[in-house]
Amino acid sequence: MLCYHLAMKAKLAKAIKYFSPLEWALWLGGMAVIVTGFLLGEEKNALSLISALFGVSCVIFNAKGSVWGQVIAIAFALTYSAFAYLNRYFGEALIYIFLMLPIHIASIVMWIKNRNADAEHMEVSINKLRPAEYGFFSLGAAAATTAFYFLLQWLNTDNLIVSTLSLVASLGAAYLMLRRCEYFSLCFIANDIILLVLWSMKIPEIGSSVVPSLISFALYLVNDSYSFISWKKIKRRQRAFEEMKEI
């Protein structure tokens, strides 16, 4: 029994040390702010709260290059798409059900297959894309923008232009995330800004029930910025280790 307790204590200490003090502050502080905003709001929506908590959690794990971030992102995609659909943001619902959800599932497979075997914890091996791939990606994004604009227009989506921009930013983030490229965070940063605008436009219609989502997107903006910095550091460490092995 003593050995069991010592082993559990060691695992707990290891889990605590997995995140830096800054990462713990971003995660727990973010969750506290979201819950506080939910409790203070006059109109409450459980989907908004739950999706916000899943969202702020998955960003922190993604910042560590952990596949668990993709697992949590699946829960976020399901809850957020339901919340968006109920508020007639059909573009957002389509993005997260038919684009982000499959991408998160595929990313779990790809990230596990491309693990950094030299890391102490499960960590994805960060990829370096060729310039030609960025070119094809840009052309595909332009074509997708046009196609989705008319699709969302046909669905009578609220705030059509902003919804279309959100879809394109999400598309870019999804592709780069699947390809294990650190620039996926920049697309998420752009999308965070777009979503802050998009959901702010709903305040006159649905009131304070949107507050947890607005708070969460503001937190995502901070966390995605940290995620980009974190992935750049991980990439430098991985490349330096590879160079040392070649010597």
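The structure we're discussing is the one just above.
Description of the structure in this document. (Residues numbered from 1 in each chain as written. Predicted model: local features only at pLDDT ≥ 70, side-chain atom pairs only at ≥ 80, totals over all residues. Heavy atoms only, no water.)

1. Some details on helix α3 (residues 46–63)
Here is step 1: Its 18 residues give α3 an end-to-end C-alpha distance of 26 Å, which sits within 8% of 26 Å, the value for a rise of 1.5 Å per residue.
Here is step 2: The buried fraction of α3 is high, at 13 of 18 residues.
Here is step 3: One or two residues past the end of α3 sits Gly 65, with phi positive at roughly 70°. (Helix = DSSP H or I, 4+ residues; strand = E, 2+ residues; numbered from the N terminus. Expected span 1.5 Å × (residues − 1). Buried < 20%, exposed > 50% of the residue type's maximum accessible area, 1.4 Å probe, protein only.)

2. Observations concerning the pattern of salt bridges
Here is step 1: Inspection of the entire model under this criterion finds 7 salt bridges.
Here is step 2: In this structure, the salt-bridge partner of Glu 23 is Lys 64, at a minimum N-O distance of 3.3 Å. Remark: Lys 64 occurs in the loop between α3 and α4 (68–86) and Glu 23 occurs in helix α2 (residues 21–40); sequence separation between them is 41 residues. Lys 64 shares its class with Glu 23; the two are buried.
Here is step 3: The partner of Lys 202 in a salt bridge is Asp 158, with the nearest N and O atoms 2.8 Å apart. Within this pair, whereas Lys 202 is found in the loop between α8 (184–200) and α9 (203–206), its partner Asp 158 is found in the loop between α6 (131–154) and α7 (160–178), the two being separated by 44 residues in sequence.
Here is step 4: When salt bridges that share partners are traced, they join Arg 88, Asp 158 and Lys 202 into one network. (Salt bridge = Lys/Arg side-chain N within 4 Å of Asp/Glu carboxyl O.)

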